[in-house]
Amino acid sequence: MKTIKRVCMIALAAIIFASTATAAPKRQYVDATSLTIINKAQNDGLPLNRINIEEFDIPKFAKSGLRNSTGLAVVFSTDSRTISVKWTTTGKKLGSNMTPIFHSGFDLYIKDGDGWRFAGVARPNTLGQKHEFVAVKRMAEGVKECMLYMPMFNSLTSLEIGIDADATIKAIPSPFKHKILFVGSSLTHGASATRPGLCYVARMGRMLNAETPNIGLSGKCKLDDYFANIVCATEADAYFFDTFSNSTKKNIEDRLYNFVKKIVAAHPDKPMIFLQTIKRDSGYFDLVARKRNDDQRAAAEELMKKICKEFKNVYFINPGFYIGEDGEGTIDGTHLNDLGVERMLDKIMPKVTKILKKYKIKAK
């Protein structure tokens, strides 16, 4: 009797599987590089890299990170009711202090009225380099304007957008009015928002109606010449800098003035906004970490006062990375979680919008 029952269950399962497979919607895939990729620093170079690596004299230890698709997004319109993503990454490992979606996955937004609304994510395969995931399904009929943020801490060798077999997909122009370049540490690289569209750079882009090329490089932004050269070669409406978070007190004292002078010479009429580094929760009990952080902050504040007096288009926002005083704004004592990003933006955006307004950089 048990055997008959088991056979019946297996047969039923087979029937259900077969009917499900038959009912599964067919998809067509389109190479994302045939659509519009935004948030690139320069227009040349490989389409899925955020900068043209070959154009600059970049140290070997920094090249792999700068090949990440950090900050890039593909924009398109489609009448598909389903949107899926198929991609290949170069890196196999995921970050230890960030979600897999943030590190190697995708974040889909769809235009909703005058703004952008989160629609879904594409989760990576955590055991390999080839990935496929349905970001959103069962949508209403009609054409949607879409923006798909790319992985923040991995590099791509291929990217395809999947739509229903009978649907269409088209490239659209960049939906943003301005272009603002961001340079910085892991805080700017995005660690550790839960998904790509929630890092502070992406959120500021949507708030300011701006493309936001992201040249954050985890652990490596120390006021180096190659960062200055990237900025000098990038045309934008404004420039943001998180250049004190990785720098030692000595780095700041030895390099900051010439770093600023070189960039101002390349873009003399553009606003340059420097953000004070975070007051790290990791230094609340660790006295050595606290002193290093205090020294960074003090050196930045002292020198930026002098620099802002000399260069009229240079600004210093202090605090820059405000995360609150309760110890709840980071994932690990240093890197902003979603709450930390929210607190930061609440604090700095009134100052940011006031500065940018002088240069006719407005959200609308």
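In this convention, every chain numbers its residues from 1, walking through the sequence in written order. Reporting in this predicted model follows two pLDDT cut-offs: at least 70 for local features of residues, and 80 or more for side-chain atom pairs to be given and counted; totals over whole chains, interfaces and linings ignore these cut-offs and use all residues. Hydrogens and water molecules were not included; the side-chain quantities draw on all heavy atoms of the structure.

Chemist: Whenever I open this one, the packing of aromatic side chains confuses me. Can you help?
Modeler: The geometry of an aromatic ring pair comes down to the distance between the two centres and the angle between the two planes. Aromatic rings from Phe, Tyr and Trp, taking only the six-membered ring of Trp, are treated as a pair when their centres fall within 6.5 Å; an angle between ring planes under 30 degrees marks them as stacked, one over 60 as edge-to-face, and anything in between as tilted. Taken as a whole and judged by the stated rule, the model has 16 aromatic pairs. Ring geometry for F182 against Y200: centres 5.9 Å apart, planes inclined by 75°, an arrangement best described as edge-to-face. Here Y200 lies in helix α5 (residues 200-208) and F182 lies in strand β11 (residues 178-184), a separation of 18 residues in the sequence. Each of the two residues, F182 as well as Y200, counts as buried. Considering the side-chain rings of Y284 and F285, the 4.9 Å spacing of their centres and the 75° angle between planes classify their relative orientation as edge-to-face. Only protein chains enter the accessibility calculation, which uses a 1.4 Å probe; a residue is then buried when its area is under 20% of its type maximum, exposed when over 50%, and partly exposed in between. Assessed through its relative accessible area of 60%, Y284 is described here as exposed. According to the relative accessible area criterion, F285 is exposed, its value standing at 74%. Members of the aromatic cluster, joined through ring pairs, are F241, F244, F259, F274 and F316. In this scheme, the term charge over a ring applies when either NZ of a lysine or CZ of an arginine sits within 6 Å of the ring centre and within 35 degrees of the ring normal. If you follow K347 out to its NZ or CZ, it ends over the ring of Y322, 4.8 Å from the centre. Secondary structure elements follow DSSP: runs of H or I no shorter than four residues count as helices, runs of E no shorter than two count as strands, and numbering proceeds from the N terminus.

Chemist: Honestly, a positive patch on the surface in this entry has me stumped. Any pointers?
Modeler: Taken together, K177, K357, K360 and K362 make up a surface patch of like positive charges. Tracing the chain through its elements places K177 in the loop between β10 (169-171) and β11. Only residues whose relative accessible area exceeds 30% and that form no salt bridge enter a patch; like-charged residues are grouped when within 9 Å of one another, and nonpolar side chains (Val, Leu, Ile, Met, Phe, Trp, Tyr) when within 5 Å. To be clear on the numbers: accessible area is Shrake-Rupley with a 1.4 Å probe, and residue cover counts the displayed protein chains and nothing else. Only one rule defines a salt bridge in this text: a Lys or Arg side-chain nitrogen within 4 Å of an Asp or Glu carboxyl oxygen. For this count, His and the chain ends are skipped, Lys and Arg are scored as positive, and Asp and Glu as negative. Charge positions are represented by NZ for Lys, CZ for Arg, CG for Asp and CD for Glu.

Chemist: Even after reading the chapter, I still don't get the confidence of the model for the chain, so can you show me in this structure?
Modeler: Detailed reading of the predicted coordinates is not advisable wherever pLDDT falls low. One number per residue, pLDDT, summarises how confident the predictor is, and it ranges from 0 to 100. For the chain, the average pLDDT comes to 93, and 93% of its residues sit at 70 or higher. Any two residues whose heavy atoms approach within 4.5 Å at even a single point are treated as in contact. Within the model, the stretch residues 1-5 combines pLDDT values under 50 with 0 contacts to residues more than four positions away or in other chains. In this model, residues 7-22 is a region of pLDDT below 50 whose contacts with residues beyond four sequence positions or in other chains number 0 contacts.

Chemist: Could you clarify how one ought to interpret the nonpolar core in this entry?
Modeler: As a rule of thumb, nonpolar side chains are buried together in soluble globular proteins. The nonpolar core is taken to be a set of buried Ala, Val, Leu, Ile, Met, Phe, Trp, Tyr and Cys residues, with the residues joined through side-chain atoms within 4.5 Å. One finds M147, Y200, M204, L275 and V352 to be the most contacted residues of the largest nonpolar core, which totals 45 residues. Taken together, the elements giving at least two residues each to this core come down to β3 (73-78), β8 (144-149), β11, α5, β14 (238-242), β15 (272-275), β16 (314-317) and α9 (338-357). For this core, the element with the most residues is α9, which contributes 8 residues. Beyond its immediate chain neighbours, meaning those up to four positions away, V352 contacts M204, L208, F240 and I317.

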